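Residue strings, one per chain:
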Amino acid sequence: MKNKILMATVFAFSVTTLPLVAGESLPATGKAPLASYLRPHAVPAPEDNKPTAVRVELGKALFFDPRLSGSNTISCATCHNPAFGWSDGLPTGVGHGMKPLTRATPTILNTAYNAILMWDGRKKSLEDQALGPIEADVEMNQDIPGLLKKLDALEGYRDLFKKAYPGEGISPATVAKAIASFERTIVSTDSPFDRWARGDQKAVTADVKRGFAVFEGKGNCTACHQGFNFTDYGFHNIGVKDVGDKPDEGRYTQRKLPSLKGAFKTPTLRDVALTAPYMRNGLYKTLEEVVDHYDRGGDLKENLSANIKPLNLDPQEKADLVAFMKSLTGRPVSVTIPLLPMH
Amino acid sequence: MAIIAVTGYAIAANEHIVIQKDKHFSVKILTVKVGDWVSFKNDDAFFHNVFSLSDAQSFDLGSHGQGQARRVQMAKEGTVDIECAIHPEMKMQIKVMK
Ligand SMILES: [Cu+2]
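Please read these numbers as outputs of a predicted model, since none were measured by experiment.

## Details of the overall build of chain B
Then step 1. Within chain B one finds one helix and nine strands.
Then step 2. Reading chain B from its N terminus to its C terminus gives the helix and strand order α-β-β-β-β-β-β-β-β-β.
Then step 3. Scored against the burial criterion, the 98 residues of chain B give a buried share of 53%.

Structural data, given as structure tokens:
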């Protein structure tokens with residue numbers, strides 16, 4: 001007991017004597033074995049929704065079907081378009097009635113690995129997320145009972161649901177499960193960086209290797225962009241300026257903690273060269289602009305993450321960092337657009 | 001000792017140390033006594049932010065960097081759910097006993 005109290009005292013002491021002073025340099029960090037950046041073989045799926053070929057087929061049809069919207073013109077793929085790296089190439093998404101949304105459309109690549117979804121983390125799983133955009137009046141504006149009726153009127157869908165989820169019917173749950181099953185097939189493919197990580201020294205050029213060193217070292221990027229998916233699935237305020245006049249409070253809308261004001265989920269960097277513009281509001285058009293943002297230590301200082309500070313990168317280091325991010329683009333996959341049930 | 005002056009639980013109070021490493025707490029469930037202190041030490045190279053919004057006790061220890069510790073005294077009997085604000089996957093419980 002006495003020992004414990006003694007130890008406690010030491011700790012209490014260290015807390016009061018080692019407060020982090022703004023601008024104090026952080027210890028050199030973030031080096032991980034190259035192999036830790038390789039995609040784990042298995043794609044996780046919940047026990048009650050293990051993917052099967054027919055579940056994926058059904059989910060794909062639903063994902064690409066504009067009749068999931070009230071106007072019959074907007075599908076998930078309108079915004080999560082495979083031709084734009086499963087995003088839309090726009091600063092922020094455009095929903096029902098051509099109205100722009102307040103946030104950028106994230107890629108759905110590798111979302112199978114996410115334990116928490118959306119820029120503010122308000123959804124827990126792909127199943128939990130899938131009905132959200134259908135119902136949202138600003139996105140697809142389709143009420144769920146109305147959707148179930150539309151699907152039930154089509155023999156093609158009735159068959160697919162029967163085969164995919166025998167005995168479960170066409171329900172909100174099975175619609176969500178099928179869409180989620182399809183999304184779990186959208187995973188990153190082998191990139192030059194991965195080939196290098198597996199030992200092929202010639203897979204990438206010297207600038208990529210130098211850029212990766214900056215990424216793990218001077219750039220301190222791995223404080224947040226960690227592991228194979230280059231995200232910690234965490235929430236940070238990195239000082240991105242708001243675009244509209246109303247500041248986006250981000251994660252704070254879900255958890256009222258001061259450090260979460262203006263904090264957003266760390267996005268994946270896989271295929272990031274394909275998903276411009278960048279940030280939750282599409283503020284930056286290029287990866288060069290993103291690197292400049294980090295180099296100046298962000299713009300909004302209020303509530304800024306302590307892991308963000310000016311980096312003083314030279315032009316070579318900046319270019320290398322961009323070259324590294326471009327090496328994360330996977331082998332191109334051709335996506336066949338499904339024929340949708342007409343009767 | 002500083003702690004005696006601060007807590008007034010000098011005789012009974014213990015301090016329990018929880019390490020935050022690789023985005024995990026070193027224990028999933030910690031059992032302590034009312035009045036005990038729990039100190040959260042960050043062994044990662046990036047920041048953590050321990051908090052609880054439990055009915056039994058709610059607090060926000062703010063964000064703290066590598067090598068730093070933040071401590072909280074457990075005031076009431078009950079189960080306190082602990083999370084990291086930055087990394088929602090980091091979770092643990094403190095069972096506070098009489
Ligand atoms: Cu944390």
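## What about the coordination of the copper ion?
All names here are of chain B.
Then step 1. Around the copper ion, the protein contributes the donor atoms His-48 (ND1), Cys-84 (SG), His-87 (ND1) and Met-90 (SD), which lie 2.0 to 2.8 Å from the metal centre.
Then step 2. Written as a sequence motif, the donor arrangement for the copper ion is H-x35-C-x2-H-x2-M.
Then step 3. Given a relative accessible area of 1%, His-87 falls into the buried group.

## What about the pairing of strand E9 (residues 91-97) of chain B?
All names here are of chain B.
Then step 1. Residues Met-92, Ile-94 and Val-96 of E9 are buried on one face, while the alternating residues Lys-91, Gln-93, Lys-95 and Met-97, pointing to the opposite face, are not.
Then step 2. Relative to E9, strand E3 (residues 29-33) runs parallel, the two being bridged by five bridges. Within E9, the residue paired with Lys-33 across the bridge is Met-97.
Then step 3. In terms of strand pairing, strand E8 (residues 78-84) meets E9 through six bridges, oriented antiparallel. Paired with Thr-79 across the strands is Lys-95, a residue of E9.

## Remarks on the pattern of salt bridges
Residue and element names in this part refer to chain A.
Then step 1. The final tally for this structure, using the stated rule, is 20 salt bridges over all chains.
Then step 2. In this structure, the salt-bridge partner of Asp-248 is Arg-103, at a minimum N-O distance of 2.8 Å. Of the two residues, Asp-248 sits in the loop between strand E1 (235-236) and strand E2 (264-265) while Arg-103 sits in the loop between helix H3 (76-79) and helix H4 (126-135), which places them 145 residues apart along the sequence.
Then step 3. Residue classification places Asp-248 among the buried positions, given a relative accessible area of 18%.
Then step 4. Note that Arg-280 is salt-bridged to Asp-242, the shortest N-O span being 3.0 Å.

## With respect to the confidence of the model for chain A
Then step 1. For chain A, the mean per-residue pLDDT works out to 91, and 92% of the residues sit at or above 70.
Then step 2. Segment residues 1-28 of chain A: pLDDT under 50, and 38 contacts once partners within four positions in sequence are set aside and those in other chains are kept.

## Observations concerning the packing of helix H2 (residues 53-64) of chain A against helix H7 (residues 172-183) of chain A
All names here are of chain A.
Then step 1. H7 packs onto H2 with a crossing angle of 100° between their chain directions and a minimal axis gap of 7 Å. The orientation of H2 relative to H7 falls into the category roughly perpendicular. Between H2, through Arg-55, Val-56, Leu-58, Gly-59, Lys-60, Leu-62, Phe-63 and Phe-64, and H7, the contact on the second element is made entirely by Val-175, Ala-178, Ile-179, Ser-181, Phe-182 and Glu-183.
Then step 2. Taken together, the residues of the contact of H2 with H7 sort by class into nine nonpolar, two polar and three charged.

## Topic: the domain arrangement of chain A
Residues and elements named next belong to chain A.
Then step 1. What the domain assignment lists for chain A is domain 1 (49-183) and domain 2 (190-326).
Then step 2. The distance between the C-alpha centroids of domain 1 and domain 2 comes to 28 Å.
Then step 3. Roughly 1,800 Å² of surface becomes buried between domain 1 and domain 2 when both sides are summed, with 58% attributable to carbon and sulfur atoms.
Then step 4. Summed over the three residues of domain 1 that lose the most area to domain 2, namely Ile-116, Trp-119 and Asp-120, the buried surface amounts to 32% of that side.
Then step 5. Between domain 1 and domain 2 we count one salt bridge in total.
Then step 6. For the side of domain 1 that touches domain 2, the class distribution of residues is 10 nonpolar, nine polar and three charged.

## Structural notes on helix H5 (residues 144-152) of chain A
All names here are of chain A.
Then step 1. Along H5, the positions that sit buried rather than exposed are Ile-144, Gly-146, Leu-147, Leu-148 and Leu-151.
Then step 2. For H5, the secondary structure elements touched by its buried residues are H2, H4, helix H6 (155-164) and H7.
Then step 3. Where H5 starts, the residue carrying a side-chain oxygen 2.9 Å from the main-chain nitrogen of Gly-146 turns out to be Asp-143.

## Quick look at the sheet that holds strand E7 (residues 69-73) of chain B
Residues and elements named next belong to chain B.
Then step 1. Read from one edge of the open sheet, four strands run E2-E1-E4-E7, paired in mixed fashion. Since the sheet does not close on itself, it has two edges, and those belong to strand E2 (24-25) and E7, each with one partner.
Then step 2. Sheet analysis places strand E1 (residues 15-21) next to strand E4 (residues 37-42), joined by six bridges and oriented parallel. Looking at the pairing, Glu-15 lines up with Trp-37 of E4.

## A word on the sheet that holds strand E6 (residues 58-64) of chain B
Residue and element names in this part refer to chain B.
Then step 1. Reading across the sheet, the five strands line up as E3-E9-E8-E5-E6 and stay open at both edges, with mixed pairing between neighbours. A strand with exactly one partner marks an edge of an open sheet, and here the two such strands are E3 and E6. Strand-to-strand, the axes of this sheet are offset by a mean angle of 20°, without reference to chain direction.

## Things to note about the packing of aromatic side chains
Residue and element names in this part refer to chain A.
Then step 1. Across all of its chains, the model carries 20 aromatic pairs over all chains by this definition.
Then step 2. Ring centres 6.0 Å apart and planes at 70° place the aromatic pair Phe-193 and Trp-196 in the edge-to-face group. Placement of both Phe-193 and Trp-196 in helix H8 (residues 192-197) is noted, with a separation of three residues, approximately one turn of the helix.
Then step 3. Note on Phe-193: relative accessible area 0%, which makes it buried.
Then step 4. With centroids separated by 5.4 Å and ring planes inclined at 45°, the aromatic side chains of Phe-212 and Phe-324 adopt a geometry described as tilted. Here Phe-212 is found in helix H9 (residues 206-216), whereas its partner Phe-324 is found in helix H11 (residues 315-326), with 112 residues between them in sequence. When sorted by exposure, Phe-212 lands in the same class as Phe-324, which is buried.
Then step 5. Pairwise contacts between aromatic rings join Tyr-37, Phe-193, Trp-196, Phe-212, Phe-215, Phe-230 and Phe-324 into one cluster.
Then step 6. The ring of Phe-235 carries Arg-251 above its face, with NZ or CZ at 4.4 Å from the centroid.
Then step 7. Taking NZ or CZ as reference, Lys-261 lies 4.6 Å from the ring centre of Tyr-252, over its face.

Rules used in this analysis
- Residues numbered from 1 in each chain as written.
- Chains lettered and ligands numbered in written order.
- Predicted model: local features only at pLDDT ≥ 70, side-chain atom pairs only at ≥ 80, totals over all residues.
- Heavy atoms only, no water.
- Helix = DSSP H or I, 4+ residues; strand = E, 2+ residues; numbered from the N terminus.
- Buried < 20%, exposed > 50% of the residue type's maximum accessible area, 1.4 Å probe, protein only.
- Donors = N, O, S within 2.8 Å, 3.2 Å for Na, K, Ca; no water.
- Pairing = 2+ DSSP bridges.
- Salt bridge = Lys/Arg side-chain N within 4 Å of Asp/Glu carboxyl O.
- pLDDT = per-residue confidence, 0-100.
- Contact = heavy atoms within 4.5 Å.
- Axes fitted to C-alpha atoms, helices over the stretch in contact; angles between N-to-C directions.
- Parallel < 35°, antiparallel > 145°, perpendicular 65-115°, else oblique.
- Nonpolar A, V, L, I, M, F, W, Y, C, P; charged D, E, K, R; others polar.
- Domains from an automatic or database assignment.
- Buried area = accessible area lost by both parts, 1.4 Å probe.
- Polar contact = N/O pair within 3.5 Å; in protein donor to acceptor, adjacent residues only side chain to side chain.
- Phe/Tyr/Trp six-rings, centres within 6.5 Å; stacked < 30°, edge-to-face > 60°.
- Lys NZ or Arg CZ within 6 Å of the ring centre and 35° of its normal.

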